[in-house]
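Residue-level listing of the chains:
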Amino acid sequence: MFPFKTSIQFDRQCNQALYLQLSNQIIQLIKNQTLAPHTKLPGSRTLAEQLNVHRKTIVACYDELLLQGWVESIPKKGTFVHPNLPVLQEQKLEGCKAFDLKKDTGFSFYKNSILPEKPKKNNKSLIYLNDGVSDGRLTPIDEIARTYRRVCSKKNVFDHLSYGSVYGNDTLRDVLVEYLNTTRGLHITKENVLITRGSQMGIWLSSQLLLQKDDIVVVGNTNYGAADATFLNQHAKLERVMVDEHGLSTRAIENLCKRQQIKAVYVTSHHHHPTTVTLCAERRMRLLNLAKQYNFAIIEDDYDYDFNYNHAPILPLASHDTNGNVVYIGSVCKTVAPVFRIGYLIASKEFVDEASKLRGYVDRQGDALLELTFADFIKSGDLDRHIRKVMKIYKQRRDLFCKLLKDQLGDFFEFEIPKGGMAVWTKLNPMYSWDHFSEVARTYNLKIGDWKQYDSANLGHNCIRIGFAAHNEAEIFELINRLKKTIGEIKNSETAR
Ligand SMILES: Cc1ncc(COP(=O)(O)O)c(C=O)c1O
C-alpha cells in the first residue's frame with residue numbers, strides 16, 4: 001500500500017482548503033505515475049485516520065478528483081486511479097536536463113525582433129534618464145480612486161459589467177466629443193470616436209488598416225521608435241524625410257509624392273518626437289493639401305498636446321481637416337499617468353468602424369469602469385485642473401533643468417529650451433560619444449538607456465531626449481551632479497592619456 005502518511009504534507013497556515021491541498025498532491029502523484037492507473041486508493045475512513053484529518057476532507061478530495069476525471073469510483077469496490085489517463089512523459093529522466101518552463105518551450109513559434117525590449121528599471125539607487133514621462137507622484141490618484149468608487153456604487157453599474165461595445169464606453173465617447181471639439185477645435189460626433197488603450201493601440205490599428213507589404217509610410221529622419229517598429233512590423237517601407245526647426249519637411253514629402261504613391265505620413269505635429277519641434281502653420285496647411293491632392297492618410301499622434309509652456313496649445317491638423325485625411329490619436333497616458341490605458345482614435349466613421357472591428361481581434365472591449373471614471377474625471381473639470389497644476393510644476397522643472405544644464409554643462413551639451421512636452425532634445429559635444437558616456441555614467445549610478453533608438457537612420461546627430469518632468473527639484477540637482485561627475489571623469493581620462 002502506498003505510504004500516504006509520509007508522502008502527503010499539509011500546510012495548515014495556507015489559505016487553501018485541506019481537501020484541495022490533498023487532491024493537488026494526489027494529482028501530482030498520478031501525473032508522475034507514483035500512483036499508476038488502476039491503483040486502488042484507500043477508503044475515506046482509513047485515509048482520514050492515516051492523515052489525521054476529518055473523513056469529510058477525504059470525501060471532498062475524492063469528489064474533486066472524480067470531478068476532474070483523475071479517478072473513477074466503482075460501486076462496492078472503491079476508488080481507483082483512472083485507467084485511461086494518457087501517460088505524461090517523464091519530465092526528469094536520468095541524464096536529461098530538467099524542464100524549465102521559464103526558459104523552455106515545447107513548440108516552435110514566430111519571434112519578433114523589430115520592437116526593442118524595454119529595459120527593466122528596478123535599481124533604486126540609479127537615476128534613469130527617461131524619454132519624457134510624467135511624475136507619478138503628481139497623479140491625482142485619490143480623485144481617480146474616489147471617482148472609480150462612485151462609478152461602482154451607482155445602481156446601473158451592473159449594466160457595465162458584461163460584454164460591451166467594441167468602440168468603447170458610450171458615455172466616454174460622448175464626453176470626448178465635447179472635450180475634443182472644445183479643446184482641439186475638432187468637429188466630430190460620436191461616430192468618429194474609437195476608445196483605445198492608449199495612443200500605441202491607435203498607431204497599431206492605423207498601421208494595420210493603412211499599410212501592407214511594401215506600402216510607403218513617410219516618417220521623420222528622426223522619429224518615434226515604436227511607431228517605426230509598428231510600421232515595419234507591417235512590412236511597410238519607411239521613407240524618411242528631413243526634420244528641421246519647423247518640423248517635417250513638406251517639400252520632401254511633396255517630392256516623394258511626385259515619384260510614388262505614399263499611403264500615410266506619421267506626424268507628431270505638436271512636439272515632434274524626438275526633437276520636440278513644432279510643425280509650423282505653413283507646413284500644417286501644406287501637408288493637409290498634399291494629403292488631399294495625393295490621397296494619403298496623415299496619422300497625427302498628438303501624444304503630449306496638453307503641455308505647452310510658452311503659448312496656448314496649437315490646434316492639431318485634425319482641426320483643419322476638411323477632407324477626412326487625418327487619423328487623430330491621443331491619450332491620457334502622458335497627461336495623467338501611463339498606467340491608465342485610455343486613449344482615442346478619431347477619424348471618419350468608415351475608418352473608425354473598421355478599426356473597431358479590428359481591435360476586437362486583440363481586445364474584445366475596453367475597461368468600461370475605468371472609461372466611465374475618466375468620463376467623469378474629464379466632465380467634472382478634474383482633468384483640466386490636474387493639467388493646470390502639473391503644467392506649472394513641469395515648467396519650473398524645465399526651467400531649472402535647462403538652466404543647470406546650460407550654466408554647468410554648457411560646454412558639453414547643446415539644446416533649445418523646449419516650448420512644451422516633457423523632454424529636452426540634448427546634443428552631446430561631438431568630441432564625445434553617448435556610447436562612452438553611458439559606460440562612464442554607470443559608475444555614477446546614472447543610466448542613460450538606449451540612446452541609439454534616437455538615431456535609427458544613422459544621422460550621427462549625437463542627440464538624445466532627456467526627460468525632466470518626472471524629477472523633482474532635488475532630483476534634478478542630483479541628475480546634473482551625476483552628469484557633471486561623468487563628464488569630469490571623461491575629461492580626466494583624456495588628460496591622463
Ligand atoms: C510619440 C509617442 N507616441 C505614442 C506614445 C504611446 O503612448 P501611450 O502610452 O498613450 O500608448 C508615446 C509614449 O511614449 C510617445 O512618446
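Residues numbered from 1 in each chain as written. Predicted model: local features only at pLDDT ≥ 70, side-chain atom pairs only at ≥ 80, totals over all residues. Heavy atoms only, no water.

1. Considerations on the overall build of the protein
Rule in force here: Only runs of H or I of at least four residues qualify as helices and only runs of E of at least two qualify as strands under DSSP, and these elements are numbered from the N terminus. Only C-alpha atoms enter the radius of gyration, while the globule expectation follows 2.2 Å times N to the 0.38, with N the number of residues. Accessibility here uses a 1.4 Å probe with only protein chains present; expressed as a share of the type maximum, an area under 20% marks a residue as buried, one over 50% as exposed, and anything in between as partly exposed. Residues are treated as being in contact if the distance between any of their heavy atoms lies within 4.5 Å. Counted as positive: Lys and Arg. Counted as negative: Asp and Glu. His and the chain ends are not counted at all. By convention, the point assigned to a charge is CZ for Arg, NZ for Lys, CD for Glu and CG for Asp.
The number of helices and strands found in the protein is 15 helices and 17 strands. What you see for the protein is a C-alpha radius of gyration of 30 Å, clearly larger than the 23 Å of a compact globule of 497 residues, by over 25%. When its C-alpha atoms are laid out on the principal axes, the protein stretches across 90 × 65 × 50 Å. Per-residue burial over the protein gives 47% buried out of 497 residues. Counting contacts in the protein only where the partners sit at least 6 residues apart, residues at least 24 apart contribute 71% of the total. In the protein, 66 side chains carry a positive charge and 56 a negative one; their mean positions are 4 Å apart.

2. Some points on helix 5 (residues 141-153)
Rules: The span expected for a helix works out to 1.5 Å for each residue beyond the first. What the arc covers is the set of directions going from the helix axis to the C-beta atoms.
The first and last C-alpha atoms of helix 5 sit 18 Å apart over 13 residues, in line with the 18 Å expected at 1.5 Å per residue. Taken together, the buried positions of helix 5 are Ile144, Thr147 and Val151. All buried residues of helix 5 project into a common sector of 65° when viewed along the axis, lining one side. Opposite the buried face of helix 5, by more than 90 degrees, sit the exposed residues Asp142, Arg146, Arg149 and Ser153.

3. Notes on the packing of aromatic side chains
Using the following cut-off: The pairing test for Phe, Tyr and Trp rings, Trp by its six-membered ring, is centres within 6.5 Å, and the orientation test on the planes gives stacked under 30 degrees, edge-to-face over 60, and tilted for anything in between.
Here the structure, examined in full by the defined rule, presents 13 aromatic pairs. Taken together, a centroid distance of 5.4 Å and an interplanar angle of 65° make the contact between Phe307 and Tyr394 edge-to-face. Taken together, the positions of Phe307 in the loop between strand 11 (297-301) and strand 12 (326-331) and Tyr394 in helix 13 (residues 382-409) put the pair 87 residues apart, joining distant regions of the chain. Accessibility expressed as a relative area gives 0% for Phe307, which makes it buried. Judged by its relative accessible area of 1%, Tyr394 falls in the buried class. Clustering of aromatic rings is evident, with ring pairs tying together Phe340, Phe374 and Phe377.

4. Considerations on helix 2 (residues 18-31)
Taking 1.5 Å as the rise per residue, helix 2 with 14 residues should run 20 Å; its terminal C-alpha atoms sit 20 Å apart, in good agreement. Considered for burial, the residues of helix 2 that qualify are Gln21, Leu22, Ser23, Ile26, Ile27, Leu29 and Ile30. Gln33 sits one or two residues past helix 2 and shows a positive phi near 65°.

5. Here's the deal with the packing of helix 5 against helix 12 (residues 368-379)
Threshold: Here an axis means a line fitted to C-alpha atoms, over the contact stretch when the element is a helix, while the angle between two N-to-C directions is reported on a 0 to 180 degree scale. Two helices cross in a left-handed way if the nearer one is turned anticlockwise from the farther one by less than a right angle. They cross in a right-handed way if the turn is clockwise. Each residue is assigned to one of three groups, with Ala, Val, Leu, Ile, Met, Phe, Trp, Tyr, Cys and Pro labelled nonpolar, Asp, Glu, Lys and Arg labelled charged, and all others, Gly among them, labelled polar.
Two numbers describe how helix 5 lies on helix 12: the axes approach to 9 Å, and their chain directions differ by 115°. The handedness of the crossing between helix 5 and helix 12 is right-handed. Between helix 5 and helix 12, the residues in contact are Glu143, Ile144, Thr147, Tyr148, Arg150, Val151 and Cys152 and Leu369, Leu370, Leu372, Thr373, Phe374, Asp376 and Phe377, respectively. Within the contact of helix 5 with helix 12, the residues separate by chemical class into nine nonpolar, two polar and three charged.

6. Quick look at the site of the ligand
We apply this condition: For this purpose, a residue is taken to be near a molecule or strand whenever a single non-hydrogen atom of the residue falls within 4 Å of it. Pairing of N or O atoms within 3.5 Å defines a polar contact, subject to two protein rules: one partner must be a possible hydrogen donor and the other a possible acceptor, and residues neighboring in sequence count only if both atoms are side-chain atoms. A 1.4 Å probe and the Shrake-Rupley method give the accessible areas. Residues count as covered only by the protein chains that appear here.
Among the 13 residues in the neighbourhood of the ligand, the closest are listed as Ser199, Asp301, Ser331, Lys334 and Arg341. Between the ligand and Ser331, the relevant distance is 2.7 Å, taken from an oxygen atom to a side-chain nitrogen or oxygen of the residue. A distance of 2.8 Å is found between an oxygen atom of the ligand and a side-chain nitrogen or oxygen belonging to Arg341. Considering the ligand on its own, with 400 Å² of exposed area, one finds that the protein chains cover 89% of that surface.

7. Regarding the domain arrangement of the protein
The criterion, for reference: Residue ranges for the domains originate in an automatic or database domain assignment.
Domain boundaries assigned for the protein yield domain 1 (4-81), domain 2 (127-136 + 385-496) and domain 3 (140-381). Between domain 1 and domain 2, the C-alpha centre-to-centre distance is 62 Å.

8. A few points about the pairing of strand 3 (residues 78-81)
What counts is decided by this rule: Following DSSP output, two strands are said to pair if at least two bridges run between them.
Sheet topology note: the strand 1 (residues 40-41)/strand 3 ladder contains two bridges and is antiparallel. Its bridge partner lying in strand 3, Lys40 is registered against Phe80. Relative to strand 3, strand 2 (residues 71-74) runs antiparallel, the two sharing four bridges. Its bridge partner lying in strand 3, Ile74 is registered against Gly78. Linking two consecutive strands that pair antiparallel, namely strand 2 and strand 3, is a turn of three residues; a positive phi of about 70° is found at Lys76 within it.

9. A look at unusual backbone geometry
Here His273 and Pro274 are connected by a cis peptide whose omega angle stands at 10°. Backbone geometry places Gln33, a non-glycine residue, at a positive phi of 65°. Topologically, Gln33 is positioned in the loop between helix 2 and strand 1. Backbone geometry at Asn462 places phi at a positive 65°, although glycine is not the residue there. You can see Asn462 is positioned in the loop between strand 16 (446-447) and strand 17 (463-467).

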